[in-house]
Amino acid sequence: MTLDDLINQVAVDVPDAPLMTVSDQIKRSARDLCTEADAWVQTGYAVVGATTDYPQVIANEGEPLRVIELFDGDGEVPATKYRQISPRVVEFARTPENDLLTGKVACRPTPGDTPPAEVLERWGEAMADGARWRLSLMPQPWRDAQLAAYYEQRFRSAITDAKRLSRLGHNQARNRVRARSFL
């Protein structure tokens, strides 16, 4: 799914809205979703300058928000051994062995950008619902407060689902429990 696909989906429901306004609202919803729910997690280099006085959290794309996991070489750095002061600054209780740490970092798109294709594919409908919600509240001819309430509920529900999935490690499989035998 691409940004153009999302714009076309939303434009069908809000036909009088300018396409640039629709695009801006989709980007805003994407940023809100990623900020609130850790919907975009990058794996790879997470902290640079870990052995210095000012270690920095990094992301390949977008803005880093939260460190989810850190690894110093082959071993995991327990969450009790570091503290994230701000989205880009982390503080360690004990200096790590390596200067460059790997791990997982929750990110969000920079203002005016969209997340990568895999995030759009997974959460595109939620982003479209968020855009429909905001567009339906604008003081324009297409304003519809009842539709806005409906789309807000769907967007908030998607945020809740994304939070749940992020706590499960973005695993979408269900836990399988064996049924107890009758006899």
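The preceding data block contains the structure.
No experiment lies behind these values; they were computed from the predicted model shown.

**Student:** Outline the pairing of strand β7 (residues 100–108), listing residues and values.
**Tutor:** As paired strands, strand β1 (residues 40–48) and β7 are joined by eight bridges and run antiparallel to one another. Each bridged residue has a counterpart across the sheet, and for Val41 the counterpart in β7 is Ala106. Note: strand β3 (residues 63–72) against β7, seven bridges, orientation antiparallel. Along β7, the bridge assignment pairs Phe71 with Thr102.

**Student:** Requested: an account of the packing of aromatic side chains, with residues and values cited.
**Tutor:** Summed over all chains, the structure comprises three aromatic pairs. Both rings, one in Tyr82 and one in Phe92, keep their centres 6.3 Å apart while their planes meet at 55 degrees; by these two values the pair is tilted. Here Tyr82, found in strand β5 (residues 82–86), pairs with Phe92, found in strand β6 (residues 89–92); they are ten residues apart in sequence, far enough to count as distant. The lysine or arginine in question, Arg122, covers the ring of Trp123, its NZ or CZ lying 4.2 Å from the ring centre.

**Student:** I'd love a proper account of the packing of helix α1 (residues 3–13) against helix α3 (residues 117–137), names of residues and values included.
**Tutor:** Between α1 and α3, the shortest axis-to-axis distance is 10 Å and the interhelical angle comes to 35 degrees. The interaxial crossing formed by α1 with α3 has right-handed handedness. Within the contact between the two elements, α1 uses Leu3, Leu6, Gln9, Val10 and Asp13 and α3 uses Leu120, Gly124, Glu125, Ala128, Ala131, Arg132 and Leu135. In the contact of α1 with α3, the residues fall into seven nonpolar, two polar and three charged.

**Student:** Describe a nonpolar patch on the surface, with residues and values.
**Tutor:** Together, Tyr45, Val48 and Leu100 make up a nonpolar patch on the protein surface, roughly 260 Å² of accessible area in all. Position of Leu100 among the secondary structure elements: in strand β7.

**Student:** Describe helix α4 (residues 145–167), listing the residues and the values that go with them.
**Tutor:** With 23 residues, α4 extends 33 Å between its outermost C-alpha atoms, agreeing within 8% with the 33 Å of an ideal straight helix rising 1.5 Å per residue. By the burial criterion, the buried members of α4 are Ala148, Tyr151, Phe155, Ala158, Ile159, Ala162, Leu165 and Ser166. Where α4 is buried, its residues contact α1, α2 (19–37) and α3. Here α4 starts with a cap whose side-chain oxygen sits 3.2 Å from the backbone nitrogen of Gln146, and that cap is Asp144.

Rules and cut-offs
- Residues numbered from 1 in each chain as written.
- Predicted model: local features only at pLDDT ≥ 70, side-chain atom pairs only at ≥ 80, totals over all residues.
- Heavy atoms only, no water.
- Pairing = 2+ DSSP bridges.
- Helix = DSSP H or I, 4+ residues; strand = E, 2+ residues; numbered from the N terminus.
- Phe/Tyr/Trp six-rings, centres within 6.5 Å; stacked < 30°, edge-to-face > 60°.
- Lys NZ or Arg CZ within 6 Å of the ring centre and 35° of its normal.
- Axes fitted to C-alpha atoms, helices over the stretch in contact; angles between N-to-C directions.
- Left-handed = near helix turned anticlockwise from the far one by under 90°.
- Contact = heavy atoms within 4.5 Å.
- Nonpolar A, V, L, I, M, F, W, Y, C, P; charged D, E, K, R; others polar.
- Patch = residues over 30% accessible without salt bridge, like charges linked within 9 Å, V, L, I, M, F, W, Y side chains within 5 Å.
- Areas by Shrake-Rupley, 256 points an atom, 1.4 Å probe, with all protein chains shown as cover.
- Salt bridge = Lys/Arg side-chain N within 4 Å of Asp/Glu carboxyl O.
- Expected span 1.5 Å × (residues − 1).
- Buried < 20%, exposed > 50% of the residue type's maximum accessible area, 1.4 Å probe, protein only.
- Polar contact = N/O pair within 3.5 Å; in protein donor to acceptor, adjacent residues only side chain to side chain.

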